[in-house]
Amino acid sequence: MSYILILVGCVFVNNVVLSQFMGICAFLGVSKQIKSSVGMGAAVIFVMTCAAAITYPVYLLLEKFNITYLRTVAFILIIAMFVQFVEIVMKKVMPPLHKALGVYLPLITTNCAVLGVTIANIDKEYSFSQSIVNALGTGLAFTLALLMFSGVRSTMEHSDIPAPFKGVPATLTAAAIVSLSFMGFTGMID
Amino acid sequence: MENKGSVRGEFTKGLISQNPTLVGLLGMCPTLAVTTLAKNGIGMGLATTFVLVCSNIVISSLKKVIPKAVRLPCFIVIIAGFVTLIEFLMKGYLPELYDALGLFLSLITVNCIILGRAEAFASKNGVFASALDGLGMGLGFTLALFLMGSLREIIGTGSWFGIKIPVLCDHPMTVFIMPAGGFFVLGMLIALVNMFAGRKPPKEISCHSCPSAAICKGQCKGETQE
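Residues numbered from 1 in each chain as written. Chains lettered and ligands numbered in written order. Predicted model: local features only at pLDDT ≥ 70, side-chain atom pairs only at ≥ 80, totals over all residues. Heavy atoms only, no water.

Take the overall build of chain B next. For chain B, the helix and strand inventory stands at 11 helices and 2 strands. Helices and strands in chain B line up, N terminus first, as α-α-α-α-α-α-α-α-β-β-α-α-α. The 226 residues of chain B split such that 53% are buried. Look at the contacts in chain B between residues 6 or more apart in sequence, and 72% of them connect residues 24 or more apart. Carbon and sulfur atoms provide 71% of the accessible area of chain B, an area that totals close to 9700 Å². (Helix = DSSP H or I, 4+ residues; strand = E, 2+ residues; numbered from the N terminus. Buried < 20%, exposed > 50% of the residue type's maximum accessible area, 1.4 Å probe, protein only. Contact = heavy atoms within 4.5 Å. Areas by Shrake-Rupley, 256 points an atom, 1.4 Å probe, with all protein chains shown as cover.)

Below is the structure:
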């Protein structure tokens, strides 16, 4: 039951993009077309889940040596190395998948949502399986936001909006409206 | 790079003409997340400035030592080191601000502004110029955060730095300190900047300032514009 609560909480109540403000750069940069949104979303779900699985034992190790303050350094290094590693392996083993997702992989290293999830898992004192569910849910939430926005943005491309609002300002204003509607989920889980 | 040699130019470009947040559209996540109060905005901005100046100095002095192929991981480690430092300092001296900023203090590590400046400026310029560039960009970021925080605090709570403003504090529009208000205020601010800039600012995040540009070589743009 607690897993379902974590999952629903991540995707709807505390949506990573719309209420936690993580991964906004990728959100503004990539959410232009449905195809690229799906690619980026899939890459993020994959990297996030794996990163949560790897950083959990690493944190236990840091705890053992009483150097938990090094977690930011350790986690970002692990994520950067993991992303690079996945890219190399994917290029060799699964060229079609690399062609579809490869472009988005480097962008993920600097996506604050990935580092954010791994640190949040520690702060919330989740167990190993809870961490993975949380990471998976956050990835899904990111993909949901990206997908929703690729729809909104492709419609906005063809509409006549005042010149200063074109591009990012219009997207942010639209995000405000969607974020407002996501506030309706507040209180579903306390 | 731009304005090479001019000390004032290095410093002032980050404040207004190339303001990282409102013109460069970088570092959006902390801009939206911590600006519910003007005080938090300034705290976050100054913390980022500290990390930016220090990492710029270290990276520009090590630019000949760091191999080109592994420079991004090297930059990230240097930045993360300084982030850990500021986390300690803030926890010790400003515990209240430390709690308010929370997760986003650690996330300075992946702030696109810092990695972007390391890649675009510090790895190509001298120590002094890089320090000035970092200071200018950092203060520009602080300025934007302060502006956002003030607007949201005044409209959303009817006070400024905790001081109540008559009339406004009787009718606070709480939505402005909620996530939706953050998106809205930032959208309006960028639109205002676009309007007064009189020239065409970048409509989207350009490869010039993207920290991942070196690896992706503009492929992300090609993919999205298909």
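On we go from here.
I24(A), M40(A) and F183(B) are the most contacted members of the largest nonpolar core, which has 108 residues in total. Of the residues forming this core, the biggest block, 10 residues, is contributed by helix 4 (residues 71–93) of chain B. The residues contacting I24(A), other than those within four sequence positions of it, are V17(A), M28(B), C29(B), L32(B) and F183(B). (Core = buried A, V, L, I, M, F, W, Y, C linked by side-chain atoms within 4.5 Å.)

As a further point, take the packing of aromatic side chains. Residues and elements named next belong to chain A. Taken as a whole, this structure holds 12 aromatic pairs over all chains when the rule is applied. Ring plane angle 65 degrees and centroid distance 5.4 Å describe the contact between F182 and F185, whose orientation is recorded as edge-to-face. The rings of F12, F182 and F185 are connected pair by pair, giving a single aromatic cluster. A cation sits over an aromatic face here: K64 above F65, 5.9 Å from the ring centre. (Phe/Tyr/Trp six-rings, centres within 6.5 Å; stacked < 30°, edge-to-face > 60°. Lys NZ or Arg CZ within 6 Å of the ring centre and 35° of its normal.)

Bringing the interface of chain B and chain A into the picture now. Each partner contributes to the interface: chain B provides 46 residues, whereas chain A provides 47 residues. For the pair chain B and chain A, the summed buried area comes to about 4200 Å², and 77% of that belongs to carbon and sulfur atoms. Taken together, the connections running from chain B to chain A amount to 0 salt bridges. Those elements that provide at least two residues to the side of chain B that touches chain A are helix 2 (28–33), helix 4, helix 6 (103–106), helix 7 (112–122), helix 9 (179–197) and helix 11 (219–224) of chain B. Counting residues per element, the side of chain B that touches chain A draws most heavily on helix 9 of chain B, at 11 residues. Class assignment for the residues of the side of chain B that touches chain A results in 31 nonpolar, 10 polar and 5 charged. (Buried area = accessible area lost by both parts, 1.4 Å probe. Salt bridge = Lys/Arg side-chain N within 4 Å of Asp/Glu carboxyl O. Nonpolar A, V, L, I, M, F, W, Y, C, P; charged D, E, K, R; others polar.)

Summed over the entire model, instances satisfying the criterion amount to 0 disulfides over all chains. Among the cysteines around C50(A), which has no disulfide bond, C10(A) carries the closest sulfur, lying 17 Å off. For C50(A), a relative accessible area of 21% gives the class partly exposed. In this model C112(A) remains outside any disulfide bridge; the closest cysteine sulfur is found in C29(B), 3.2 Å from its own. (Disulfide = S-S within 2.5 Å.)

So, on to a nonpolar patch on the surface. Residues and elements named next belong to chain A. On the surface, a nonpolar cluster with roughly 440 Å² of combined accessible area is contributed by F85, V89, V93, M94 and L97. The greatest single-element share of the nonpolar patch, amounting to 3 residues, is contributed by helix 4 (residues 71–93). Positionally, V93 belongs in helix 4. (Patch = residues over 30% accessible without salt bridge, like charges linked within 9 Å, V, L, I, M, F, W, Y side chains within 5 Å.)

Our next topic: the confidence of the model for chain B. Low pLDDT marks regions whose predicted coordinates should not be analysed in detail. Residue and element names in this part refer to chain B. Per-residue confidence for chain B gives a mean pLDDT of 81, with 85% of residues at or over 70. Across chain B, element-level confidence peaks in helix 3 (residues 38–61) with a mean pLDDT of 92 and bottoms out in helix 11 with 46. When the criterion is pLDDT under 50, residues 222–226 qualifies, and its contacts beyond four places in sequence or with other chains add up to 10 contacts. (pLDDT = per-residue confidence, 0-100.)

The next point concerns unusual backbone geometry. Residues and elements named next belong to chain A. Backbone geometry places F21, a non-glycine residue, at a positive phi of 60 degrees. Inspection of the secondary structure puts F21 in the loop between helix 1 (2–13) and helix 2 (24–30). Unusually for a residue other than glycine, N66 sits at a positive phi of about 60 degrees. Following the sequence through the fold, N66 ends up in the loop between helix 3 (34–64) and helix 4. The class for N66 is exposed, based on a relative accessible area of 63%.

This part takes up the environment of F161(B). Residue and element names in this part refer to chain B. As for its placement among the helices and strands, F161 is situated in the loop between strand 1 (159–160) and strand 2 (163–164). Along the primary structure F161 and L139 are separated by 22 residues, whereas in three dimensions their C-alpha atoms are 19 Å apart. When neighbours within four sequence positions are excluded, F161 is seen to be in contact with A38, K39, I42, F146 and E153.

The next point concerns the side chain of T21(B). All names here are of chain B. Residue placement: T21 occurs in the loop between helix 1 (7–15) and helix 2. Note on T21: relative accessible area 0%, which makes it buried. Ignoring sequence-local partners within four residues, the contact set of T21 consists of L26, M28, T31, I113, F141 and A144.

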